[in-house]
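Notes for the structure review
Single-letter residue listing:
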Amino acid sequence: MKLKGADILLKMLQEEGVDTVFGYPGGAVIDIYDALMEEKSINHVLVRHEQGAAHAADGYARASGKVGVCLVTSGPGATNTVTGIASAYMDSIPMVILTGQVPTALIGNDAFQEVDIVGITRPCTKHNYLVKDVRNLARTIKEAFHIARSGRPGPVLVDLPKDVINATTQFNVPGEVKLKTYNPTYKPNIKQLNKVVDLIAKAQKPVIFSGGGVSLCQGHRELTELARKLQIPVTSTLMGLGGFPGTDPLWLGMLGMHGTFRANMAVSECDLLISVGVRFDDRVTGKVDEFAPNAKIVQIDIDPTSIQKNVPVHVPVVGDCKISLAEINTLVDKKKWEGLEETRKPWLAQVDEWKQTTPLAYQQAEVIKPQYVIETLYDLTGGDAIISTEVGQNQMWAAQYYHVKEPGHFITSGGLGAMGFGLPAAIGAQVGAPGTTVVDIAGDGSIQMNIQELATAVQYNLPVKVVILNNGFLGMVRQWQELFYKRRYSSTQFVHAPDFVKLAEAYGAVGLRAKTPDEVASVLREGLECNRPVVMDFVVEPEESVYPMVPAGAPIKKMLLV
Ligand SMILES: Cc1ncc(C[n+]2csc(CCOP(=O)(O)OP(=O)(O)O)c2C)c(N)n1
């Protein structure tokens, strides 16, 4: 069957099971959009900014477990996606980004709307392609999806020159992808796993440290089984929230700069750290030399290049986290664990004491405390919502006070920390998980970075909720200025702010506001019950800070407390 490049592309998207594309048209991709109009099986979500398309594809991928897809034009369309691509890359999110390109004959000639997007995104994609011949198009798309979703997932970009999209060729669905230089190891080495089990048997004070990798490979059940079976407390990275139930008695809370006292203390004191699907980001380790100083460290990861990268590891395990944990569970079942409860008692008692003496806490006041908004949101949703966040204090309070129960239910720009992520990601998540309550927890700064996407939510009847913790500041930067720059608030206060209620209404969404603590629950209730996009503006204490806090570069044991 002879087909045009644009039609081949759509056939291949169908082959890969794509039901939704987030995008924005332009000259270089107009032919793809023309073909898309006839293609009823693919739903296109027209965003208002290409950064929104990339974040929405990311949110969709995290909520649905499928590959997120976005489609944009050449030049500015492509460059506008870069923040979204970099964010997905840092968080290992499977995505395929389709960019238009000028015709092949014009590439390198400074043609209208030409950029070298392949060059620009080389450091922030798992892989990228420029398709120069329509005969390679189908296979390239197949490879792009394979690479995006296999091994350590990530974003893959495919640049599509206009003449390639318009050219015609014979179309056959390509066979299975076999790449000589790319062969992820899924099955871990049994010798290494035996070493892990031996270490667990010897440990008096073990901790499991789980990361985004656990959620990405859906290894949460295996992780929970191991922790409960051997009574090992669990902490996680920001990306790892939801990989272990945030309501379990063994849950320590998040680790690192804004981690809980007991998580930071437990890792600092433990004698065995079983790290699964983490990359030891500096926000987690603090001063590397003093990170888990007494522990034997196990690192399980599908990406061999991530092992030993930041922290020396005693037992490396290269493999899929779910498979590795399942095999460890099998080995554990074969061993006798006599007197385990007695052995664990002192350690669990110590952990509990840390929790009792230094819990997460804040002072209630006449004004609304941001932590109170999140706590009330958690109570009202029963934890049954997908939470996306912006970046800053809002993100940290969400991580601390919303007890995430499942993978894919906490969607945040973890590695890159991109303000403007939360709203488009929430839109993507709402498309990927229809019928689920999706709430973007936002700061008044971050929400203004992609607030135009409210129009997208309204156009497609996506009932996302935005909870703005409105402190009138770029709060997280203000907090650093307060603590480390003698309160010199250089350019962190918003002298002028929009009326978020009116702004929501102008976009066709619902706007609500709470100014006092006793209005918080009723506004949240009204917002959550409403089946339309809603913006809830909570006027909160302007100078509230996030605690605990580990100053940058300090050991995680050295926390500033409230
Ligand atoms: C795109 C981008 N620009 C700048 C920053 C640096 N930054 C990190 S947190 C923050 C303040 C965020 O303020 P706001 O969204 O109001 O949230 P709050 O901290 O007050 O909750 C800034 C400017 C960033 N993370 N992303």
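For every chain, the first residue of its written sequence is number 1, and the numbers climb from 1 along that sequence. Two thresholds apply to this predicted model, a pLDDT of at least 70 for residue-level local features and 80 or more for giving and counting side-chain atom pairs, whereas whole-chain, interface and lining totals are computed over all residues. For side-chain calculations, the full set of non-hydrogen atoms in the structure is used, while hydrogens and water are omitted.

1. Thoughts on the sheet that holds strand 19 (residues 510–514)
Threshold: Whether two strands pair comes down to DSSP finding at least two bridges between them. A helix here means a DSSP run of H or I that spans at least four residues, while a strand means a run of E at least two residues long, and both kinds are numbered starting from the N terminus. Contact definition: two residues touch when any of their heavy atoms are within 4.5 Å. Angular values range over 0 to 180 degrees, each being the angle between N-to-C directions of two axes fitted as lines to C-alpha atoms, with helices fitted over their stretch in contact.
On the basis of which strands lie adjacent, the open sheet formed by six strands has the order 16-15-17-18-20-19 and parallel pairing. Sheet topology places strand 16 (410–411) and strand 19 at the edges, where each strand pairs with a single neighbour. Where strand 15 (residues 385–389) meets strand 16, two bridges bridge the pair, whose relative direction is parallel. Paired with Ser 388 across the two strands is Ile 411, which belongs to strand 16. Running at roughly 135 degrees to strand 17 (residues 437–443), helix 17 (residues 393–401) makes contact with strand 15, strand 16, strand 17 and strand 18 (465–470) of the sheet.

2. Section: the domain arrangement of the chain
Here is the rule: The split of the chain into domains comes from an automatic or database domain assignment. Joining two parts hides part of their accessible area as seen by a 1.4 Å probe, and the buried area is that hidden amount summed over both. The salt bridge definition used is simple: a Lys or Arg side-chain nitrogen within 4 Å of an Asp or Glu carboxyl oxygen. Pairs of N or O atoms are called polar contacts if they sit within 3.5 Å, as long as, within protein, a hydrogen donor faces a hydrogen acceptor (for residues adjacent in sequence, only side-chain-to-side-chain pairs).
Taken domain by domain, the chain comprises domain 1 (2–170), domain 2 (190–357) and domain 3 (370–539). Once you take the C-alpha centre of each, domain 1 and domain 3 turn out to be 29 Å apart. Listed by partner, the interface residues are 24 residues for domain 1 and 26 residues for domain 3. Summing the contributions of domain 1 and of domain 3, the shared interface buries around 1800 Å²; its carbon and sulfur component is 63%. A per-residue breakdown of the area domain 1 buries against domain 3 is headed by Arg 48, His 55 and Arg 62, which together make up 30% of the total. At the surface where domain 1 touches domain 3, the tally comes to zero salt bridges. Our count for the contact surface shared by domain 1 and domain 3 stands at nine residue pairs in polar contact (both at pLDDT 80 or more). For the side of domain 1 that touches domain 3, the secondary structure elements donating two or more residues are strand 2 (20–24), strand 3 (43–46), helix 3 (50–64) and helix 5 (82–90).

3. Digging into unusual backbone geometry
Most of the time, phi is negative for any residue but glycine, and the peptide bond is trans. To keep things clear, this is the line we draw: When accessible area is computed with a 1.4 Å probe and restricted to protein chains, residues below 20% of their type maximum are described as buried, those above 50% as exposed, and intermediate ones as partly exposed.
With an omega of -5 degrees, the peptide bond running from Tyr 547 to Pro 548 counts as cis. Along the chain, the position of Pro 548 falls in the segment after strand 20 (534–539). Despite not being glycine, Ala 292 has its phi angle at roughly 40 degrees, a positive value. Overall, the relative accessible area of 3% leaves Ala 292 in the buried class.

4. Re the site of the ligand
Convention followed: Near, as used in this document, describes a residue that has one of its heavy atoms within 4 Å of the molecule or strand being considered. The Shrake-Rupley method, run with a 1.4 Å probe, gives the accessible areas here. Residue values count only the displayed protein chains as cover.
By nearness alone, 17 residues border the ligand, and Gln 393, Gly 417, Gly 445, Ser 446 and Gly 475 come closest of all. A distance of 2.8 Å separates an oxygen atom of the ligand from a polar backbone atom of Gly 445. Measuring from an oxygen atom of the ligand, one finds a side-chain N or O atom of Asn 471 at 2.9 Å. Considered on its own, the ligand offers 590 Å² of accessible surface; in the complex 76% of this is hidden by protein. Among the elements of the structure, helix 17 and helix 20 (475–484) are those that each provide at least two residues to the shell around the ligand.

5. A few points about the nonpolar core
Buried together is how nonpolar side chains tend to be arranged in soluble globular proteins. For clarity, the cut-off: Grouping buried Ala, Val, Leu, Ile, Met, Phe, Trp, Tyr and Cys residues that are joined through side-chain atoms within 4.5 Å yields what is termed a nonpolar core.
Counting residues in each nonpolar core, the largest one holds 68 residues, and the members touching the most others are Ile 208, Val 276, Val 373 and Phe 538. Per-domain counts for this core show at least three residues from each of domain 2 (190–357) and domain 3 (370–539). Sequence-distant contacts of Phe 538, that is, excluding residues within four places in its chain, are made with Val 373, Val 467, Ile 468, Leu 469, Asn 470, Ala 514, Val 520, Val 523 and Leu 524. In this structure, Tyr 60, Ala 88, Cys 124 and Ile 447 belong to the second largest nonpolar core, which totals 45 residues.

6. Focus on the UniProt feature "domain: Thiamine pyrophosphate enzyme TPP-binding" (unreviewed entry) in the chain
In plain terms, the rule: UniProt positions are given in the numbering used here, feature names are shortened, and annotations may be inferred rather than shown by experiment.
When the UniProt feature table is mapped onto this chain numbering, "domain: Thiamine pyrophosphate enzyme TPP-binding" (unreviewed entry) sits at residues 391–537. In the segment residues 391–537, helix accounts for 39% and strand for 16%; the C-alpha atoms at its two ends are 17 Å apart.

7. Re the sheet that holds strand 11 (residues 251–254)
In spatial order, the strands read 11-10-9-12-13-14; together these six strands make up an open sheet with parallel pairing. Whereas interior strands pair on both sides, the edge strands pair on one side only; in this sheet they are strand 11 and strand 14 (315–318). Each strand of the sheet is rotated relative to its neighbour by a mean of 15 degrees, with strand direction disregarded. Where strand 9 (residues 206–210) lies against strand 10 (residues 234–236), three bridges are found, and the strand directions are parallel. In the strand pairing of strand 10, Ser 210 is matched with Ser 236. Packing of helix 11 (residues 220–230) onto the sheet brings it into contact with strand 9, strand 10 and strand 12 (272–276), and relative to strand 9 it is tilted by some 170 degrees.

8. Brief notes about the packing of aromatic side chains
As a reminder, the rule being used: Pairing of aromatic rings covers Phe, Tyr and the six-membered ring of Trp, with a centre-to-centre limit of 6.5 Å; geometry is then stacked below 30 degrees between planes, edge-to-face above 60, and tilted otherwise. Over a ring means this: the NZ of a Lys or the CZ of an Arg is within 6 Å of the ring centre and within 35 degrees of the ring normal.
Tallying each qualifying case throughout the model produces nine aromatic pairs. Aromatic pair Phe 22 and Tyr 60: ring centres 5.8 Å apart, planes at 65 degrees, arrangement edge-to-face. Linking Phe 22 in strand 2 with Tyr 60 in helix 3, this pair joins segments that are 38 residues apart in sequence. The pair formed by Phe 22 and Tyr 60 is uniform in burial state, with each residue classed as buried. An aromatic cluster is defined as three or more aromatic residues linked by ring pairs; in this entry it consists of Phe 209, Phe 280 and Phe 291. Taking the ring centre of Phe 473 as reference, the NZ or CZ of Arg 478 above it sits at 5.6 Å.

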